[in-house]
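# A look at the structure
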Amino acid sequence: MELLGCQGMEKLMFSRTMMLFLMAFVFRSCFPFSVSQEFVLNKSSGDHLVSEKMALLELKNSFGDPSGILSSWKSDDSNYCSWYGISCNSDSRVSEMRIRGNKTNAASCTNNPELALHAFGIRRNSWFVMNGNLVGNLSPAIGNLKDLTVISLPFNDLAGEIPVQIWELENLLVLDLEGNSIEGNFSSYNFSGLRKLRVVNLGFNRIVGRFPPSLAKCRFLSVLNLAGNRINDVIPGFIGGLEKLRVVNLSFNQLIGRVPVSLGSKCANLGHLDLSFNFLQGEIPRVLGKCSRLRTLLLSSNGFSGIPSELGWLQKLEVLLLNNNTLTGEIPSCLENMTSLHVCDISFNNLSFPSDNRVISRCSFLGNSNLSPTPTNFALSNESQSYAVPPQGPSSKNGKQGVSLSSIEIAAAVSATAIIFGIAILVAFCMHVKKQTANPRIEAASESPERSDVTVFNDIGVTLTYEKIFRATRHFSWSNCIGNGGFGSTYKAEISSAVIIAVKRLLVERCQGLPQFHAEINSLKSISHPNLITLIGYFASEADMFLIYNYLPGGNLEKFIQDRANRVFNFEVLHNIALDIALGIAYLHDQCVPHIVHRDVKPSNILLDNELNAYLSDFGLSRIMGTETCSTTNVAGTFGYVAPEYALTCRVSDKADVYSYGIVLLELLSDKRVLDPSFSVHENGFNIVSWASMLLREDNIHDIFYTSLWEAGPEEKLVDMLHLALMCTTESLTARPRMRQVVGQLKEIAALVP
């Protein structure tokens, strides 16, 4: 899920993470009387003041509130309109309920999410800032608050299903439950009575199923965020008929088929469209060129096959992400005419240069094998050093009752996930701040003495300072960004002609604090193994943190798998890579003190040198970044590679790494990815393990393997590798081997002798 590279997607990120939140524990408050009984009695009396208060107390009773967020909700206080998170209308009826938890799953190439919020006209004091989360289920009593216009409970730990009573709140304008653990079948949701609805923000929950036709009734809908769920459907045509839509985010689902042409037919207001990380196919609709207000178009990691020249009509477009598709043909030269375009990535496709040899200087084209040799007038953009002032977003008003609907809509769109496109906006804004502008981080680099205090564990022959690294990474610019994960982005830094290092800039907001950071880093400094990247040193302050590693020129295993048709790949290479990874993990499990569980073994965290020797990266970061102790809101790892017992119970062991290793081995053996688009024809949960097991049962073993690998053989050893991979990915922990046993079996499967 982190194929978006330097745009900080990974949600996803983060993402890690996003669709595997666990069931929260329910803590019930105790009252000296039955709230539900008193509510029924008072409801019949017609006293709406009492009945609304009792409905709120019923809600409080259904929540667990370990941090005391609702401590002001007291049964002996009749002024419920002053209770935390509650606003009332002129009739003293509850009109808004806005309680934002502190759960975060955003990641970006900047360490400054405040920048994006400010650019969208959102100030932090227009949101409620918490020190904890609500847990439990949302009580049906919410349906008794008939005048509710806003239900905004994002980033708490709410579980269970949405009460059916919510679908009867005909005054509702905003429904924002993003980033909880809400479950349910999307097709059963009945939007027919919510004709006034403006915002539907259900992103990053556990919702499954298909689009309900009743959603078409919400003619005033402005924000639709369903990212990070498991919606398995085609995109319905009626979405294009909702002409008020400004934000559409359907990323990180299981959408299939083609994008309907209707999506661009009534898009006069559409500013942000994110369909990334799905299984969509076909050409990008030409009609999207008519969406004249579109600023962000994110279509990464699908199966799109062509770039229409009509995209050149989008003169307000700022962010265009088309990377990791199957795009073919020429790169439209019209991209050069898009003067507002600041972030453009069409890497890892099969594109060629425009026939007119026109300069295209705004995009990244890495991983397009048809782009070699490079035309003499072709230039890769260095706009990350030629910054522009960020565009102004809509303004917002402060105050509990004074936030306008447009601010709520935008806030829903740029919450902690930044609803994915916001992450790209963060990157864009990071790139666009002028060098000459007074940037606090840049000024601090030159003014603060501590900026030169880089701690070095392994001497590389040159002195390292913050300023030197800052310059070598071109101010941590996008053009130097070589990878991204849930903990931060990695940059190439050429300190001198003979010294190149890799710098992993961490997300400061995810760290536990400087004392803990220093302690954890010092516990990692002595770790040394031939198949682990070398920690050279680190820098840490309140404003910035990064780790310094040795630079490996062979890229990561993910890129190797994508491009192996053009490289040497046989059993010897396969076995060598598999053994190298296994040795590195086994060392972490058995020889480190204390033992380390990696928790995010995947191809992008496995680096290669020029001889295709493999090295494991990002080990120990779960402790550094404060995720070593798992909770119901925090499952480290990447969707698809996470072991099922970890995802379901939050109990992690070294066998979780064994499972992830088995997935990586299956990807190496076959031409499938863990959640390959071709799996969409099967039931939910079908992945590379299910696929390989199915073919094995059907005695179609040869269909599992990458064609040229199987043809070159030896078949017997390849089948042994397959059985080892399936043993690693069995759901039974007792049947799953330990990593040192995997190493032993790999050594028995002797490498092919030339």
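Residues numbered from 1 in each chain as written. Predicted model: local features only at pLDDT ≥ 70, side-chain atom pairs only at ≥ 80, totals over all residues. Heavy atoms only, no water.

## A look at the overall build of the protein chain
Quick note on the threshold: The way it works is that DSSP assigns letters per residue, a run of H or I at least four long becomes a helix, a run of E at least two long becomes a strand, and they are numbered from the N terminus. Method for areas: the Shrake-Rupley scheme with a 1.4 Å probe, in which residue coverage is limited to the protein chains shown.
Helices and strands together make up the secondary structure of the protein chain, namely 17 helices and 31 strands. Just so you have it, the protein chain exposes about 28,500 Å², and 50% of that area is on carbon and sulfur atoms.

## A short note on the UniProt feature "binding site: ATP" (unreviewed entry) in the protein chain
Our working definition: UniProt positions are given in the numbering used here, feature names are shortened, and annotations may be inferred rather than shown by experiment. Note on definitions: a residue-residue contact is assigned when non-hydrogen atoms from the two residues lie within 4.5 Å.
The UniProt entry lists Lys504 under the feature "binding site: ATP" (unreviewed entry), expressed in the numbering used here. Following the sequence through the fold, Lys504 ends up in strand S27 (residues 499–506). Not counting the four nearest positions on each side in its chain, Lys504 is found in contact with Phe487, Gly488, Ser489, Thr490, Met545, Phe546, Leu547, Tyr549, Asp618 and Leu621.

## Concerning the sheet that holds strand S9 (residues 183–185)
In plain terms, the rule: Only strands joined by at least two bridges in the DSSP assignment are considered to pair.
Taken together, three strands build an open sheet; the order of strands is S9-S11-S13 and the sheet is parallel. Across the chains shown, the open sheet's two edge strands, defined by having one partner strand only, are S9 and strand S13 (230–231). With three bridges joining them, S9 and strand S11 (residues 206–209) adopt parallel strand pairing. Bridge pairing in S11 links Gly184 to Ile207.

## Observations regarding the confidence of the model for the protein chain
Definition in use: pLDDT measures how confident the predictor is about each residue, on a scale from 0 to 100.
Mean pLDDT for the protein chain: 76, with 73% of residues reaching 70 or above. Summarising per-element confidence for the protein chain, the mean pLDDT is lowest in helix H3 (residues 113–119) (32) and highest in strand S10 (residues 199–201) (96).

## Some points on the packing of helix H16 (residues 715–728) against helix H17 (residues 739–748)
Pairs of packed helices are described in terms of their axes, by the angle between the two and the distance that separates them. To keep it simple, the criterion reads: Comment: axis = line fitted to C-alpha atoms, over the contacting stretch for helices; angle = value between 0 and 180 degrees taken between N-to-C directions. To sort the angles, those under 35 degrees are grouped as roughly parallel, those over 145 as roughly antiparallel, those from 65 to 115 as roughly perpendicular, and the leftovers as oblique. Amino acids outside the nonpolar list (Ala, Val, Leu, Ile, Met, Phe, Trp, Tyr, Cys, Pro) and the charged list (Asp, Glu, Lys, Arg) are all regarded as polar, and Gly is one of them.
Relative to each other, H16 and H17 sit at 175 degrees, their axes nearing to 11 Å. It follows that H16 is roughly antiparallel to H17 by the angle criterion. For the pair formed by H16 and H17, the contact residues are Met721, Leu724, Met727 and Cys728 on the first element and Val742, Gln745 and Leu746 on the second. Of the residues belonging to the contact of H16 with H17, the class tally is six nonpolar, one polar and no charged.

## So, the pairing of strand S17 (residues 279–282)
Bridging between strand S15 (residues 256–257) and S17 involves two bridges; their strand directions are parallel. Within S17, the residue paired with Ile256 across the bridge is Phe279. Pairing analysis gives two bridges linking S17 to strand S19 (residues 303–304), with the strands arranged parallel. Paired with Gly282 across the strands is Phe304, a residue of S19.

## Things to note about the nonpolar core
Most often, soluble globular proteins keep nonpolar side chains buried together rather than apart. Threshold: Note on terminology: a nonpolar core comprises buried Ala, Val, Leu, Ile, Met, Phe, Trp, Tyr and Cys residues joined through side-chain atoms within 4.5 Å. Using a 1.4 Å probe on the protein chains alone, a residue whose accessible area is under 20% of its type maximum counts as buried, one over 50% counts as exposed, and one in between counts as partly exposed.
Judged by nonpolar contacts, the single largest core of 87 residues is most densely connected at Leu557, Leu574, Tyr661 and Leu669. Beyond its immediate sequence surroundings of up to four residues, Tyr661 is in contact with Ala578, Ile581, Ala582, Ile585, Val601, Cys728, Met739, Val742 and Leu746. Judged by nonpolar contacts, the second largest core, of 84 residues, contains Trp73, Leu138, Leu172 and Leu314.

## Some points on the pattern of salt bridges
Selection criterion: Take a side-chain nitrogen of Lys or Arg and a carboxyl oxygen of Asp or Glu: if they are within 4 Å of each other, that pair is a salt bridge.
All told, the structure shown has 15 salt bridges when counted by the stated rule. One salt bridge connects Glu283 with Arg286, and the closest N-O pair in it is separated by 3.9 Å. Glu645 is the salt-bridge partner of Arg736, the closest N and O atoms lying 3.0 Å from each other. Of this pair, Arg736 sits in the loop between H16 and H17 while Glu645 sits in helix H12 (residues 644–649), and the two are 91 residues apart along the sequence. Glu645 carries the same exposure label as Arg736, and that label is buried. Each of Glu283, Arg286 and Glu310 takes part in a single network of salt bridges with overlapping partners.

## With respect to the environment of Glu645
We apply this condition: Pairing of N or O atoms within 3.5 Å defines a polar contact, subject to two protein rules: one partner must be a possible hydrogen donor and the other a possible acceptor, and residues neighboring in sequence count only if both atoms are side-chain atoms.
On the accessibility criterion, Glu645 (13% relative accessible area) is buried. In sequence terms Glu645 and Ala656 are 11 residues apart; their C-alpha atoms lie 7.9 Å from each other. In terms of polar contacts, Glu645 uses its side chain to reach the side chain of Arg736, at 3.0 Å.

## Observations regarding the side chain of Ser214
Relative to the assigned elements, Ser214 resides in the loop between S11 and strand S12 (223–225). Taking relative accessible area as the criterion, Ser214 reaches 11% and is therefore assigned buried. For Ser214, the side chain forms a polar contact with the main-chain nitrogen of Phe191, separated by 2.9 Å. Beyond its immediate chain neighbours, meaning those up to four positions away, Ser214 contacts Tyr189, Asn190, Phe191 and Ser192.

## As for unusual backbone geometry
Across the junction of Gly713 and Pro714, the peptide omega takes the value 0 degrees, indicating a cis bond. With respect to the helices, strands and loops of the structure, Pro714 is situated in the loop between helix H15 (707–712) and H16. Phi is positive for Phe348, which is not a glycine, with a value near 55 degrees.

## Description of helix H14 (residues 688–697)
Within the span of H14, buried status applies to Ile688, Val689, Trp691, Ala692, Met694 and Leu695. The inward-facing, buried residues of H14 abut helix H13 (654–669) and H16. The distance from a side-chain oxygen at the start of H14 to the backbone nitrogen of Val689 is 3.1 Å, and the residue carrying that oxygen is Asn687. Asp699 lies just past H14 and shows a positive phi near 60 degrees.

## Remarks on the pairing of strand S4 (residues 94–98)
Moving residue by residue along a regular strand, the side chains alternate between the two faces of the sheet. For S4, the buried fraction is high: five of the five residues fall into the buried class. Of the pairings in the sheet, the one linking strand S3 (residues 86–88) to S4 comprises three bridges and is antiparallel in character. Looking across to S4, one finds that Cys88 is bridged to Val94. The antiparallel hairpin formed by S3 and S4 contains five residues in its connecting segment, where Ser92 sits at a positive phi of about 60 degrees. Pairing of S4 with strand S6 (residues 150–152), which is carried by three bridges, proceeds in the parallel orientation. Among the inter-strand pairings, Met97 is bridged to a residue of S6, identified as Ile151.

## Thoughts on the packing of aromatic side chains
Keep this limit in mind: Aromatic rings from Phe, Tyr and Trp, taking only the six-membered ring of Trp, are treated as a pair when their centres fall within 6.5 Å; an angle between ring planes under 30 degrees marks them as stacked, one over 60 as edge-to-face, and anything in between as tilted.
Considering all chains together, one arrives at 18 aromatic pairs under this definition. Ring centres of Phe186 and Phe211 lie 5.7 Å apart, and the angle between their planes is 70 degrees; this geometry places the pair in the edge-to-face category. Within this pair, whereas Phe186 is found in the loop between S9 and S10, its partner Phe211 is found in the loop between S11 and S12, the two being separated by 25 residues in sequence. Comparing Phe186 with Phe211, the two get one shared label, buried. Ring plane angle 25 degrees and centroid distance 5.3 Å describe the contact between Phe539 and Phe546, whose orientation is recorded as stacked. Residue class for Phe546 comes out buried when judged on its relative accessible area of 0%.

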